[in-house]
Amino acid sequence: MKIVVVNLGRIVSGNWREPFMSGDTIVTNGDRIVRVGTASAAEVEAADVVIDADGMTAIPGLIDSHVHITFGDYTPRQRTVGYLESYLHGGTTTAISASEVHVPGRPRDPEGVKALALAAQRCFAEYRPGGMRVIAGSVILEPGLTLRDFEELAARGVTLAKAGFGAVKTAYDYVPLVEAAKAAGLITTCHTGGSSIPGSGAITGDHLLAMRPHVAFHINGGPTAMPDADFERVIAESDIALQVCTAGNLRTTLLCAKLADKLGAFDRFIIATDTPTGSGVMPLGMLYTIAHCASLTGLPAERFICAASGSNARVYKLDSGVLAPGKAADIVLLDAPDGGTQSSALAAIQHGDIAAIGAVITAGVPRFVGRSRNTPATMRKARVVRSTVMQDFAAPAH
Ligand SMILES: [Zn+2]
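Cut-offs used in this document
- Residues numbered from 1 in each chain as written.
- Predicted model: local features only at pLDDT ≥ 70, side-chain atom pairs only at ≥ 80, totals over all residues.
- Heavy atoms only, no water.
- Donors = N, O, S within 2.8 Å, 3.2 Å for Na, K, Ca; no water.
- Pairing = 2+ DSSP bridges.
- Helix = DSSP H or I, 4+ residues; strand = E, 2+ residues; numbered from the N terminus.
- Salt bridge = Lys/Arg side-chain N within 4 Å of Asp/Glu carboxyl O.
- Buried < 20%, exposed > 50% of the residue type's maximum accessible area, 1.4 Å probe, protein only.
- Arc of directions from axis to C-beta.
- Contact = heavy atoms within 4.5 Å.
- Core = buried A, V, L, I, M, F, W, Y, C linked by side-chain atoms within 4.5 Å.
- Phe/Tyr/Trp six-rings, centres within 6.5 Å; stacked < 30°, edge-to-face > 60°.
- Lys NZ or Arg CZ within 6 Å of the ring centre and 35° of its normal.
- Axes fitted to C-alpha atoms, helices over the stretch in contact; angles between N-to-C directions.

Enquirer: Sorry, what's going on with the coordination of the zinc ion here?
Expert: For a metal with four tetrahedral donors the ideal donor-metal-donor angle is 109.5 degrees, whereas six octahedral donors ideally subtend 90 or 180 degrees. Only His 66 (NE2), His 68 (NE2) and Asp 274 (OD) from the protein coordinate the zinc ion, and they sit 2.1 to 2.2 Å from it. Mapping the donors of the zinc ion onto the primary sequence yields the spacing H-x1-H-x205-D.

Enquirer: Mind showing me how you'd approach the sheet that holds strand S3 (residues 20-21) here?
Expert: The strands that make up a sheet are held in pairs by hydrogen bonds between backbone atoms, and each pair lies either parallel or antiparallel. Pairing is mixed in the open sheet, where 6 strands are placed in the order S3-S2-S7-S19-S20-S21. Looking at which strands have only one partner, the edges of the open sheet turn out to be S3 and strand S21 (365-369). Sheet topology places strand S20 (residues 356-362) next to S21; 4 bridges connect them, and they run antiparallel. Considered in S21, the bridge of Ile 361 is made with Pro 366.

Enquirer: Would you take a moment to explain the pattern of salt bridges for this structure?
Expert: A side chain with one charge may pair with a side chain of the opposite charge, provided their charged atoms come close. On inspection of all chains with the given rule, the structure shows 17 salt bridges. Lys 114 is the salt-bridge partner of Glu 152, the closest N and O atoms lying 3.1 Å from each other. Residue Glu 152 is located in helix H4 (residues 147-155), and its partner Lys 114 is located in helix H3 (residues 110-123); the two are separated by 38 residues in the primary sequence. With relative accessibility at 6%, the residue Lys 114 sits in the buried group.

Enquirer: I'm lost on H4 in this one. Help?
Expert: For an α-helix the count is 3.6 residues per turn, leaving residues at separations of three or four pointing the same way. Among the residues of H4, Asp 149, Phe 150 and Leu 153 are the ones counted as buried. What you see down the axis of H4 is that its buried residues fit within an arc of 95 degrees, all on one side. Across H4 from its buried face, at more than 90 degrees, point the exposed residues Arg 148 and Ala 155. With its phi angle positive at about 110 degrees, Gly 157 sits one or two positions after the end of H4.

Enquirer: Looking at this structure, I do not really get the environment of Val 332. What am I missing?
Expert: Looking at the secondary structure, you find Val 332 in strand S19 (residues 331-335). Of the residues examined, Val 332 reaches a relative accessible area of 1% and is grouped as buried. Sequence separation of Val 332 and Cys 256 is 76 residues, and the distance between their C-alpha atoms is 27 Å. Ignoring anything within four residues of it in the chain, the contact list for Val 332 reads Thr 57, Ala 58, Ile 59, Gly 61, Gly 91, Thr 93, Ile 357, Ala 359 and Val 360.

Enquirer: Explain unusual backbone geometry to me, please; I cannot follow it from the model alone.
Expert: Comment: phi is negative for the bulk of residues other than glycine, and the bulk of peptide bonds are trans. Of note, the amide linkage connecting Gly 222 to Pro 223 takes the cis form, showing an omega dihedral of -5 degrees. Relative to the helices and strands, Pro 223 resides in the loop between strand S16 (215-216) and helix H7 (229-237). Each neighbour pair has its own omega, and for Thr 275 with Pro 276 the value is -15 degrees, a cis peptide bond. Mapped onto the secondary structure, Pro 276 falls in the loop between strand S18 (269-272) and helix H9 (285-297). Phi angles above zero are rare outside glycine, and Arg 212 is one such case at about 50 degrees. Within the element layout of this structure, Arg 212 appears in the loop between helix H6 (205-211) and S16. Taking the relative accessible area as the measure of exposure, Arg 212 reaches 34% and is therefore partly exposed.

Enquirer: Explain the nonpolar core here, please?
Expert: Nonpolar side chains in soluble globular proteins generally cluster together in the buried interior. In this structure, Phe 150, Phe 269, Phe 304 and Leu 334 are the most contacted members of the largest nonpolar core, which totals 86 residues. No other element matches H9, which puts 6 residues into this core. With residues up to four places along the chain from it excluded, the contact list for Phe 269 reads Leu 242, Val 244, Thr 253, Cys 256, Ala 257, Ala 260, Cys 293, Phe 304, Ala 307 and Ser 311. One finds Ala 58, Leu 323, Leu 333 and Ile 361 within the second-largest nonpolar core, a separate group that totals 21 residues.

Enquirer: When you look at the environment of Ile 33 in this model, what are you seeing that I'm missing?
Expert: One can find Ile 33 in strand S5 (residues 32-37). Along the sequence, Ile 33 and Gly 193 sit 160 residues apart, while their C-alpha atoms lie 39 Å from each other. The contacts of Ile 33, once residues within four sequence positions are left out, are Ile 26, Val 27, Thr 28, Val 322, Leu 323, Ala 324, Pro 325, Gly 326, Lys 327, Ala 328, Ala 329 and Ile 331.

Enquirer: Can you walk me through the packing of aromatic side chains in this structure?
Expert: The geometry of an aromatic ring pair is captured by two quantities: the separation of the ring centres and the angle between the planes. Here the structure, examined in full by the defined rule, presents 6 aromatic pairs. Arranged with centres 5.1 Å apart and planes meeting at 65 degrees, the rings of Trp 16 and Phe 266 form a pair that is edge-to-face. Taken together, the residues span a long stretch of sequence, with Trp 16 in the loop between strand S2 (10-12) and S3 and Phe 266 in the loop between helix H8 (250-262) and S18 at a distance of 250 residues. With respect to class, Trp 16 is no different from Phe 266; both count as buried. Taken together through their ring pairs, the aromatic side chains of Trp 16, Phe 266, Phe 269 and Phe 304 make up a single cluster. Directly above the ring of Phe 20 sits Arg 10, whose terminal nitrogen or CZ lies 4.0 Å from the centroid. If you follow Arg 303 out to its NZ or CZ, it ends over the ring of Phe 266, 4.6 Å from the centre.

Enquirer: Looking at this model, I keep getting lost on the sheet that holds strand S22 (residues 383-387). Mind explaining?
Expert: Taken together, 5 strands build an open sheet; the order of strands is S5-S4-S1-S6-S22 and the sheet is mixed. Whereas interior strands pair on both sides, the edge strands pair on one side only; in this sheet they are S5 and S22. Here the strands of the sheet are splayed against their neighbours by 15 degrees on average, with no regard to which way each runs.

Right, dumping it as structure tokens:
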């Protein structure tokens, strides 16, 4: 399918260092972006679907780098079916598994956690709930796993490893496990802060600096934060990515954002939700954290959109999160919410409002155009002005 989105008011790139792109058009072909900025008359003529954005803002599809994936579009923790499709209506086009630790009765032995990670990776390799891309299969680091195990998993397509829920005596026991997982080429992630499940101890700055995972999961606390003094140490003494999560401590999220800005570490500041968990299913979690960060730190809204898209893509080595030729055609149209006081998506976010979503495209397919079933209505009205495909792009009414 070829799509042309015309009449964009603003284009946010996904790269926080150069957050805006000029022009008013995006062209896609198949699951890739072909051009950003302008389109020739011939390209518009050749498109299967032309979407008039009515002056809205285009952003890259958001990447939630902390989702508690299990199997299918189902969360056992909150007994909810269809939550991933619901997140897509909140602008999230990619969900990255925080390990399949919520699978009821999940295995705890090396063979079992390897099989679980591989099965999860395979189950989501082709399956896109509601159009959502899911990067699943994060091996839970348990004592007894060896470099050979990690190499075997990596060779079979698993890309992630998670420290924090294993049967270790102290968090320092993760140091050789993280080292081996990194040596095998896995992206390593680690629980940060107070324990979220009974029996697991707190993980603080000393542990992170000894382990040096690629990503400190919910560095703001998941949900309980580590000592304030540890934020500056982790930022200054390591290159660990600083993942802040909606379902955590808001005060330390803001502390971390300001420190990352001040210490020149904003490349490593990434946004996620850490849901569904005890905090619930949060389809608008990414939009909330973007709005909280922008409105309460005073840093520009577009920076946090990029932290929730392109920065996650860079840390997790994904081909999405940026609006540029050759990248995945995952695009969200944002606008000021109808009835608010602001007149554009970015102004609304800066003001602390939740931006409204007017369309979501993933893998080059419009998943809906018009009204998200979860955000307020948009001020402007995106619509399909021409389509040669037998598909109605309206979101199902609720
Ligand atoms: Zn989590």
